[in-house]
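Descriptive structure summary
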Amino acid sequence: MWKLKVAEGGKGLVSVSNFIGRQHWVFDPNAGTPQEHEEIERMRQEFTKNRFSIKQSADLLMRMQLRKENPCGPIPPAVKLRDVEKVTAEALITTIRRSITFYSSIQAHDGHWPAESAGPLFFVQPLVMALYITGSLDDVLGPQHKKEIIRYLYNHQNEDGGWGFHIEGHSTMFGSALSYIALRVLGQSLEDGEDMAVARGRKWILDHGGLVAIPSWGKFWVTVLGVYEWSGCNPLPPEFWLLPKIFPIHPGKMLCYCRLVYMPMSYLYGKKFVGPITALVRSLRKELYNEPYDRVDWNKARNTVAKEDLYYPHPLIQDMLWGFLHHVGERVLNTWPFSMLRQKAIEVAINHVRYEDETTRYLCIGSVEKVLYLIARWVEDPNSEAYKLHLARIPDYFWLAEDGLKIQSFGCQMWDAAFAIQAILSGNVSEEYGPTLKKAHHFVKASQVRENPSGDFKAMYRHISKGAWTFSMHDHGWQVSDCTAEGLKVALLLSEMSDDLVGAKMETEQFYDAVNVILSLQSSNGGFPAWEPQRAYQWLEKFNPTEFFEETLIEREYVECTGSAMQALALFRKLYPKHRRKEIDRCISKAIRYIENTQNPDGSWYGCWGICYTYGTWFAVEGLTACGKNFQNSVTLRRACKFLLSKQLPNGGWGESYLSSQDKVYTNIEGKRANLVQSSWALLSLMRAGQAEIDPTPIHRGIRLLINSQMDDGDFPQQEITGVFMRNCTLNYSSYRNIFPIWALGEYRRRVLCA
């Protein structure tokens, strides 16, 4: 039986915070009762049976384990209201208490709420391929790991035989080819899987052009595996790392995620590394092409991408650049004496890789980068201590649910905890949940980054991090603007409460450090980027080499990050009015202008990290209202309310499809179903903006939906994914289904019912 371990170390692991926030799964053959084994198997079968209609798992294994470890006693029966029945104070407080009591029961002992943060179908497959290449597959993945990865891949195969870019998406060559190869590496044959699933996957690939049609990231991975050729890839010259920093196209000016992907890619490309050509690799060369492998036109294949994958077609100028580098640049750079330059560039690239490994304790910034760095360090030295340290951190990315074993983006421990604290505080029931808040406060304090990156971090293109919060935990080390803002906000809120109830507050200097990070990140237009200051020109996006992401090459400003920063700074200014007052006032004024200037004509804002206009609008409204704007004095807020009211469904809720993010047009979920998380975002926005003072009826209807949707145990149902990134890929946050209904119900009690 699988068990979730929290805040535990292990051999070869290094931590600066005693592993607080770490979560990883292990298989214990002796764990669990027969009844538990039977229940888990029932959950798995239920998911598989309904996998085409309900594509997102409900995180049932984690919830089952933690509820057993944290028994909460009996919970009152759920409240159900008729369509026209008034929301009473009793019905509301009963629902709030049931919700928080349940959610407290799945809090880990270190104070965070473990949860899934997954959904993309290109995370686990490269890990399987990398471990096969390095010969570590059986060392890292035991029989149960392999069984659950296979289960996961079969469960998320589409009815047409292919796999999507993410679990809710249409079939793509990227998802299909990687999934097919991973299944074959894990021992599955063409005859395996329900209804010949592997063979149907191969048929989908061949029917859509074969492996030559895989996008550039896929071309890279299948080349490293040995089932494709470097001559069929657009160049990734490591010489870019040698450019003077004043150059506008210097990789140090890239968005950190992009930079940290192409850093190890350029190293492996510069070495033209290819893994061992095994019998399986030779077989895959025959299985995945519509013509003999030795007759493939690799030059033509460089720019061949299946139409199903082509979200961001390359502009002509980009293809011209790749063509020049491929036909001319590569020949020159591989000829003496220019080949000496390549060797120097390769060393510079791997030195950056080493630095990232050390400063993140071998976690890396995310799962895509983690696997690339792992294989780069193995290629550098298969017997190195660095490679062993990488292997030791792989379990940090595993997540187990009823649909199988998946790889997380990394983890959202701090992000979820900050929202959870605010949700619990919203309903004025804090006195009843002191232990929950005290544990959460402990986690927040332990998760603040207390140092800048080591050494000459600016030379490694890193920004200050002292005082920041990461998306996940302290060990990760990467500052994020909105995570820092939300962390500061909850730390300030808890500092105003009794130490006996929530524990001792943070030191004032730590608040100052967080403010310093936030102020350092604002752009000249008033908006806030996510990780680092905006350093590059917008036109560089013309050279975005990915075909399936948009706006991925450079850092840019986000309404979500800006809204969070505004809220945190406004609260800090209230509590510490003399600290850097002029700078904070100026920062907030610029941020207000940014929010107002980026509102869409229909009154919405596009959200880049959640789906989509509902999410962006919530952050914008929260930011503006925290800084003194209201329904009466802000036409911007009045337009926001009008937008949200225009999207309310007949059942009182809101439901926005991931297609909104992809197509940049508000799109309802199929069947006009309501999503409780998005409904909560809309309700929070309306209540904060002052809609209740004008006409509370729409808010009453939405709250009634939340109350009626609560399950018998106090949980809320898992519905469609509500997270997104790079416009085109979804990401599930399984805690959202608890956090945001609690928050909306609490705000309703405080702002509407008890106002």
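Residues numbered from 1 in each chain as written. Predicted model: local features only at pLDDT ≥ 70, side-chain atom pairs only at ≥ 80, totals over all residues. Heavy atoms only, no water.

**Things to note about helix H2 (residues 60-69)**
The complete set of buried residues in H2 reads Leu61, Met62, Arg63, Gln65 and Leu66. Against strand S1 (2-6), strand S2 (23-27), helix H1 (34-49), helix H3 (89-105), strand S5 (398-401) and helix H30 (736-753) lie the buried residues of H2. (Buried < 20%, exposed > 50% of the residue type's maximum accessible area, 1.4 Å probe, protein only. Helix = DSSP H or I, 4+ residues; strand = E, 2+ residues; numbered from the N terminus. Contact = heavy atoms within 4.5 Å.)

**Examining the packing of helix H14 (residues 338-359) against helix H15 (residues 367-380)**
Remark: H14 packs on H15, axes separated minimally by 11 Å, with the N-to-C direction vectors making an angle of 120°. On the basis of their axis angle, the class for H14 and H15 is oblique. Here the hand of the crossing between H14 and H15 comes out left-handed. Contacts between H14 and H15 involve Ile350, Val353, Arg354, Glu356 and Asp357 from the former and Tyr373, Ala376, Arg377 and Glu380 from the latter. When grouped by side-chain class, the residues that make up the contact of H14 with H15 number four nonpolar, no polar and five charged. (Axes fitted to C-alpha atoms, helices over the stretch in contact; angles between N-to-C directions. Parallel < 35°, antiparallel > 145°, perpendicular 65-115°, else oblique. Left-handed = near helix turned anticlockwise from the far one by under 90°. Nonpolar A, V, L, I, M, F, W, Y, C, P; charged D, E, K, R; others polar.)

**Some details on the UniProt feature "domain: Squalene cyclase N-terminal" (unreviewed entry) in the chain**
When the UniProt feature table is mapped onto this chain, "domain: Squalene cyclase N-terminal" (unreviewed entry) is found at residues 97-356. Secondary structure content for residues 97-356 is 53% helix and 2% strand, and the end C-alpha separation is 44 Å. (UniProt positions renumbered as here; feature names shortened; annotations may be inferred.)

**Section: the domain arrangement of the chain**
What the domain assignment lists for the chain is domain 1 (118-407), domain 2 (413-597) and domain 3 (599-754). A straight line from the C-alpha centre of domain 2 to that of domain 3 covers 22 Å. Domain 2 puts 33 residues into the contact, and the matching count from domain 3 is 36 residues. When the buried surface of domain 2 facing domain 3 is broken down by residue, Phe419, Ser426 and Glu560 rank first, second and third, together holding 20% of it. Seen at the junction of domain 2 and domain 3, the total is three salt bridges. Between Arg727 and Glu551 there is a salt bridge whose closest N-O contact spans 2.7 Å. Across the domain 2-domain 3 interface, the total number found is ten residue pairs in polar contact (both at pLDDT 80 or more). (Domains from an automatic or database assignment. Buried area = accessible area lost by both parts, 1.4 Å probe. Salt bridge = Lys/Arg side-chain N within 4 Å of Asp/Glu carboxyl O. Polar contact = N/O pair within 3.5 Å; in protein donor to acceptor, adjacent residues only side chain to side chain.)

**As for the packing of aromatic side chains**
Following the criterion strictly, the structure yields 55 aromatic pairs and no others. Measuring from centroid to centroid gives 6.1 Å for Tyr512 and Tyr576, while their planes differ by 85°, and the two rings are edge-to-face. Of this pair, Tyr512 sits in helix H21 (residues 508-521) while Tyr576 sits in the loop between helix H22 (559-575) and helix H23 (581-597); the two residues are 64 residues apart in sequence, bridging distant segments of the chain. Judged by its relative accessible area of 23%, Tyr512 is partly exposed. Taking relative accessible area as the criterion, Tyr576 reaches 17% and is therefore assigned buried. (Phe/Tyr/Trp six-rings, centres within 6.5 Å; stacked < 30°, edge-to-face > 60°.)

**Quick look at the environment of Val621**
As for its position among the elements, Val621 is in helix H24 (residues 613-626). Not counting the four nearest positions on each side in its chain, Val621 is found in contact with Leu637, Ala640, Ser685, Arg688 and Ala689.

**Quick notes on the nonpolar core**
Counting 257 residues, the largest nonpolar core has Phe122, Ile181, Trp217, Ile703 and Phe740 as the members making the most contacts within it. Those residues within four positions of Ile703 in sequence are excluded, and the remaining contacts are Val87, Leu92, Leu683, Ala744, Leu745 and Tyr748. (Core = buried A, V, L, I, M, F, W, Y, C linked by side-chain atoms within 4.5 Å.)

**A closer look at the pattern of salt bridges**
Think of it this way: side chains of opposite charge can pair up when their charged atoms draw near. Considering all chains together, one arrives at 46 salt bridges under this definition. A salt bridge links Glu116 to Lys406; the nearest nitrogen and oxygen atoms lie 2.9 Å apart. Of the two residues, Glu116 sits in the loop between H3 and helix H4 (124-134) while Lys406 sits in strand S6 (residues 404-407), which places them 290 residues apart along the sequence. Residue Lys406 is classed as buried on the basis of its relative accessible area, which comes to 1%. Through salt bridges with shared partners, one network takes in Glu347, Arg354, Asp357, Arg377 and Glu380.

**Side note on the UniProt feature "domain: Squalene cyclase C-terminal" (unreviewed entry) in the chain**
UniProt records the feature "domain: Squalene cyclase C-terminal" (unreviewed entry) for residues 414-750 in the present numbering. With 51% helix and 2% strand, the stretch residues 414-750 has end C-alpha atoms that lie 26 Å from each other.

**As for the side chain of Ser680**
Topologically, Ser680 is positioned in helix H27 (residues 676-689). Of the residues examined, Ser680 reaches a relative accessible area of 0% and is grouped as buried. Among the polar contacts listed, one links the side chain of Ser680 to the backbone oxygen of Phe740, at a separation of 3.3 Å. Those residues within four positions of Ser680 in sequence are excluded, and the remaining contacts are Leu706, Phe740, Pro741 and Ala744.

**Looking at the environment of Thr101**
Among the structural elements, Thr101 can be located in helix H3. Between the alpha carbons of Thr101 and Asp713 there is a distance of 9.5 Å; along the sequence they are 612 residues apart. Once you skip the residues sitting within four places of it in the chain, Thr101 turns out to touch Cys72, Ile75 and Tyr433. Among the polar contacts made by the side chain of Thr101, one reaches the main-chain carbonyl oxygen of Arg97 at a distance of 2.6 Å. Looking at Thr101, its side chain comes within polar contact range of the side chain of Tyr433, at 3.0 Å.

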